[in-house]
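In case you want the letters, here they are:
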Amino acid sequence: MTSISNRRGLIGLGMAGGLILAAPVAGVFARETKKPGADEAAAPPEQLMRGHAILARVLLIYENGVRRAGQGEDIDPAVFTRAAEITKRFIHDHQEKVEEELVFAQFKKAGRMVELVGVLASQHAAGAKVTDKILAAAPQARNKEPREAMARDVQALCAMYRPHMAREATDVFPTLRHLVTADEYAEIADEMMKRERQAVGADGFEKVAKQVAEVEKVIGIQDIGVFTPKS
């Protein structure tokens, strides 16, 4: 159940939401101590799959929020607004553009999986439109009709993005390294890191992940043990 104290927590969360762009995503994980290779960018698949993880967590927030709201629980509409803002700013405005310009472009250039990357790119555009619809509906999430419309949009996002992310992880990302030279692969990784820093700053990924965790906490799904099947 979403408590009054949780709603107060969302006021602070709403203020933090504005930091997603100003608050910065590193292309590599920060390290406490200097180690060999610490300044090197993580491989492109690692950088992109972190974005997949953020999106997967947002989808869980959406699913649990709309299901429980539909069952009569008073879910603060800010839960949906914050989740959609994270998706728009980090996934659509940053990550998906990086995929299209730095990864999909290599497949088109090589004439490999051209149809697949075309579908994936069209799904990026479709996902951005649905996220805008969720953002528009979220403030009225306590009302039945807007909530039911939002629930259909959430279902559509989940149905699209789960196979989307799976195909990228199993087909696209592993193949990338075979389409380019080692130097080109490293250059792609460096460019991804550079764009992350430009988009959300030097330590933004950790801040984005923290913002997702704060929304998860409001609706009580921060402990992944809640998803363990009960025997």
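Residues numbered from 1 in each chain as written. Predicted model: local features only at pLDDT ≥ 70, side-chain atom pairs only at ≥ 80, totals over all residues. Heavy atoms only, no water.

Kindly report on the packing of helix α3 (residues 44–70) against helix α6 (residues 144–179), identifying the contributing residues and their values.
Closest axis-to-axis distance for the α3/α6 pair is 10 Å, and the angle between their directions is 160°. The orientation of α3 with respect to α6, classified from their angle, is roughly antiparallel. Note on packing geometry: the crossing formed by α3 with α6 is left-handed. Residues of the contact of α3 with α6, tallied by class, amount to 21 nonpolar, 2 polar and 4 charged. (Axes fitted to C-alpha atoms, helices over the stretch in contact; angles between N-to-C directions. Helix = DSSP H or I, 4+ residues; strand = E, 2+ residues; numbered from the N terminus. Parallel < 35°, antiparallel > 145°, perpendicular 65-115°, else oblique. Left-handed = near helix turned anticlockwise from the far one by under 90°. Nonpolar A, V, L, I, M, F, W, Y, C, P; charged D, E, K, R; others polar.)

Now, about a nonpolar patch on the surface: what can you tell me, with residues and values included?
A cluster of nonpolar side chains, Ile-224, Val-226 and Phe-227, forms an exposed patch at the surface whose accessible area comes to about 290 Å². In this fold, Phe-227 is placed in the segment after α8 (204–218). (Patch = residues over 30% accessible without salt bridge, like charges linked within 9 Å, V, L, I, M, F, W, Y side chains within 5 Å. Areas by Shrake-Rupley, 256 points an atom, 1.4 Å probe, with all protein chains shown as cover. Salt bridge = Lys/Arg side-chain N within 4 Å of Asp/Glu carboxyl O.)

Which residues make up helix α7 (residues 182–200), and what values go with them?
With 19 residues, α7 extends 27 Å between its outermost C-alpha atoms, agreeing within 8% with the 27 Å of an ideal straight helix rising 1.5 Å per residue. Residues of α7 that are buried: Tyr-185, Ile-188, Ala-189, Met-192, Met-193, Glu-196 and Val-200. Each buried residue of α7 lies within a common arc of 135° when the element is viewed along its axis, so the set occupies one face. When the buried face of α7 is taken as reference, the exposed residues oriented beyond 90 degrees from it are Asp-183, Glu-187 and Gln-198. Just past α7, the residue Gly-201 takes up positive phi, approximately 90°. (Expected span 1.5 Å × (residues − 1). Buried < 20%, exposed > 50% of the residue type's maximum accessible area, 1.4 Å probe, protein only. Arc of directions from axis to C-beta.)

Can you tell me about the packing of helix α5 (residues 114–137) against α6, naming the residues and giving the values?
Close contact between α5 and α6 brings their axes to 10 Å; oriented N to C, the two are set at 155°. Here α6 runs roughly antiparallel to α5, going by the angle between their axes. Note that α5 runs across α6; the crossing there is left-handed. Two secondary-structure elements touch here, α5 through Leu-116, Leu-120, Gln-123, His-124, Ala-126, Gly-127, Val-130, Thr-131, Lys-133, Ile-134 and Ala-137 and α6 through Pro-146, Met-150, Asp-153, Val-154, Leu-157, Met-160, Tyr-161, His-164, Arg-167, Glu-168, Asp-171 and Val-172. (Contact = heavy atoms within 4.5 Å.)

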